[in-house]
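Structure assessment
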Amino acid sequence: MNPLYNFAISAYKTAVKIASVRNDKAKRMLDGHKEIFDILKRNISATDDYIWIHASSLGEFEQGRPIIEAIKNLNPKQKILLTFFSPSGYDVRKNYPLADTVCYLPFDLPGNVEKFLDLAHPRMAIFIKYEFWGNYLNALNKRGIPVYIISSIFRPTQIFFKPHGKMFRRMLGYYKHLFVQDETSRKLLEGIGITNVSVTGDTRFDRVIKICDESAEIPFAEKFAEGHRTMIAGSSWPHDEDIFIEYFNTHPDMKLIIAPHEITDEHLAYIASLLKRPALRYSEREGKNPADYDCLIIDCFGLLASIYRYGQIAYIGGGFGVGIHNVPEAAVYGIPVIFGPNFRKFKEARDLLEAEGAYTISNSDEFNAVMQLLGDDTKREKSGKTAGKYIRRNAGATKRIIDMLPITK
């Protein structure tokens, strides 16, 4: 790759090392990187047949999970190597049972790439959504290993479509096939000469439908919400919490369940400092009566996708930061969804806004106005049904992709 590209990756690696002195997430990432090659040596033999699937973080993993499940259904003996870039994915799914080997992805530097591919020697690679690592793509191409990208989505503002984006356009040429979410993406790629593209939709819809249909009951949360208008706040950040907790504090007719994006002592303490009504951490529920509390704080991973079933309204965090989190995960339950202003990268958010199954807010006043609107049971239920129907209507991406991939030899 271009020396400037390698310099940028090296600079990022250095920045992570510096941050790891005080940032626990960066430290966990570096600690995980120290084990990558030992994990590969220990788990993958020279004769093993692996398909490599890479997901940046937990959200991308959820998009890739239906593909992994479909591969295993077609061929239970097919081995899967699952890699992550972010601790938010690796820490939660490092023991995922359908993956035969799980590790971090080494930084995209030539030496790392060659060593990784020598040890893993996959027969195929599948990247999820936004994974464009130049050295990996180049090396896979040189080795004749086909690489695919699924549930990808493209926008005119991305560097691929800029005059100075030649190096990044070259990366797209290394993909054997690109499975994109919408026709807009296909046309953008066609405009720069990339034609090995299929519009197959977003595998997240298949995943959230399965979770909804198989969602586990959570008795304490059910009793907590029973008989009350309850809002579920998923993957929230402090800016989100400033807004919806202010409203919650002055509306005793509603209950609130918060599943923050980061479950740290510092963040949980911040949430507690905002609350003016009785609150309880889920981990401390033993022996407690849910009727005694107005706010339930989910301080563990793995419950949010099932807890949405107990809400009448959902708030999805991240919209005041890099971007909103998983909207379909809530909308599939047939409830209206609220999120902050940074949503434009997400097709499902734009579609739901247009259909009035979702609402976006930029401040407390706008949030209050939306909550007043959704205080009307008829409007709230109509909006929720619209959201749920949208999710179900867009199912099927997994089968469309699997039917086109050479999974079986």
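Residues numbered from 1 in each chain as written. Predicted model: local features only at pLDDT ≥ 70, side-chain atom pairs only at ≥ 80, totals over all residues. Heavy atoms only, no water.

Identification of the protein chain as 3-deoxy-D-manno-octulosonic acid transferase from Candidatus Caccoplasma merdipullorum is taken from an unreviewed UniProt entry. Under the Sequence similarities (unreviewed entry) heading, UniProt states for the protein chain: "Belongs to the glycosyltransferase group 1 family." (UniProt positions renumbered as here; feature names shortened; annotations may be inferred.)

**Brief notes about the sheet that holds strand E14 (residues 358-360)**
The strand order E10-E11-E9-E8-E12-E13-E14 describes an open sheet built from seven strands, whose pairing is parallel. Looking at strand neighbours, the two that pair on one side only are strand E10 (279-281) and E14, the edges of this open sheet. Each strand of the sheet is rotated relative to its neighbour by a mean of 20 degrees, with strand direction disregarded. For E10 and strand E11 (residues 295-297), the ladder comprises three bridges, and the chain directions are parallel. Looking across to E11, one finds that Arg-281 is bridged to Ile-297. Helix H16 (residues 347-355) rests against strand E13 (337-339) and E14 of the sheet, and its axis sits at about 100 degrees to E14. (Pairing = 2+ DSSP bridges. Helix = DSSP H or I, 4+ residues; strand = E, 2+ residues; numbered from the N terminus. Axes fitted to C-alpha atoms, helices over the stretch in contact; angles between N-to-C directions. Contact = heavy atoms within 4.5 Å.)

**Thoughts on the side chain of Arg-204**
Following the sequence through the fold, Arg-204 ends up in helix H10 (residues 203-214). The exposure class of Arg-204 is buried, given its relative accessible area of 6%. Arg-204 has contacts with Gln-63, Lys-129, Asn-326, Pro-328 and Glu-348, leaving out every residue within four places of it along the chain. (Buried < 20%, exposed > 50% of the residue type's maximum accessible area, 1.4 Å probe, protein only.)

**A closer look at the UniProt feature "active site" (unreviewed entry) in the protein chain**
In the numbering adopted here, UniProt assigns the feature "active site" (unreviewed entry) to Glu-60. Examined against the element boundaries, Glu-60 turns out to sit in helix H4 (residues 58-74). On the basis of relative accessibility, which here comes to 17%, the residue Glu-60 falls in the buried class. Dropping the residues within four chain positions of it, Glu-60 is found in contact with Ala-55, Ile-128 and Lys-129.

**Things to note about the nonpolar core**
In this structure, Trp-52, Phe-116, Ile-126, Phe-154 and Leu-178 are the most contacted members of the largest nonpolar core, which totals 74 residues. Setting aside residues no more than four positions away along its own chain, Phe-154 makes contact with Phe-132, Phe-160, Phe-161, Leu-172, Leu-178, Val-180, Ser-185, Leu-188 and Leu-189. One finds Phe-224, Ile-257, Leu-280 and Ala-305 within the second-largest nonpolar core, a separate group that totals 43 residues. (Core = buried A, V, L, I, M, F, W, Y, C linked by side-chain atoms within 4.5 Å.)

**Considering the environment of Gly-193**
Within the secondary structure, Gly-193 sits in the loop between helix H9 (183-191) and strand E7 (197-199). Since its relative accessible area comes to 54%, Gly-193 is described here as exposed. Residues Gly-193 and His-239 lie 46 residues apart in sequence; the distance between their C-alpha atoms is 41 Å.

**Thoughts on the UniProt feature "domain: 3-deoxy-D-manno-octulosonic-acid transferase N-terminal" (unreviewed entry) in the protein chain**
Here, the residues flagged by UniProt with the feature "domain: 3-deoxy-D-manno-octulosonic-acid transferase N-terminal" (unreviewed entry) are residues 42-206. For residues 42-206, the helix share is 40%, the strand share is 21%, and the end-to-end C-alpha distance is 34 Å.

**Remarks on the packing of aromatic side chains**
Applying the stated criterion to the full structure yields 23 aromatic pairs. With a centroid separation of 6.1 Å and 70 degrees between ring planes, the pair formed by Tyr-12 and Phe-107 is classed as edge-to-face. Of the two residues, Tyr-12 is situated in helix H1 (residues 3-19) and Phe-107 in the loop between strand E3 (101-104) and helix H6 (110-120); the sequence distance between them amounts to 95 residues. Seen in terms of ring centroids, Phe-132 and Phe-160 are 4.8 Å apart; in terms of plane orientation they differ by 70 degrees. Their pairing is edge-to-face. With Phe-132 in the loop between strand E4 (124-128) and helix H7 (134-142) and Phe-160 in the loop between strand E5 (147-152) and helix H8 (166-172), the pair connects residues that are 28 residues apart, well separated along the chain. Neither residue differs from the other here; Phe-132 and Phe-160 are each classed as buried. Through successive ring pairs, a cluster of aromatic residues spans Trp-52, Phe-116, Phe-127, Phe-132, Tyr-136, Phe-154, Phe-160, Phe-161 and Tyr-175. The lysine or arginine in question, Lys-115, covers the ring of Phe-37, its NZ or CZ lying 4.4 Å from the ring centre. (Phe/Tyr/Trp six-rings, centres within 6.5 Å; stacked < 30°, edge-to-face > 60°. Lys NZ or Arg CZ within 6 Å of the ring centre and 35° of its normal.)

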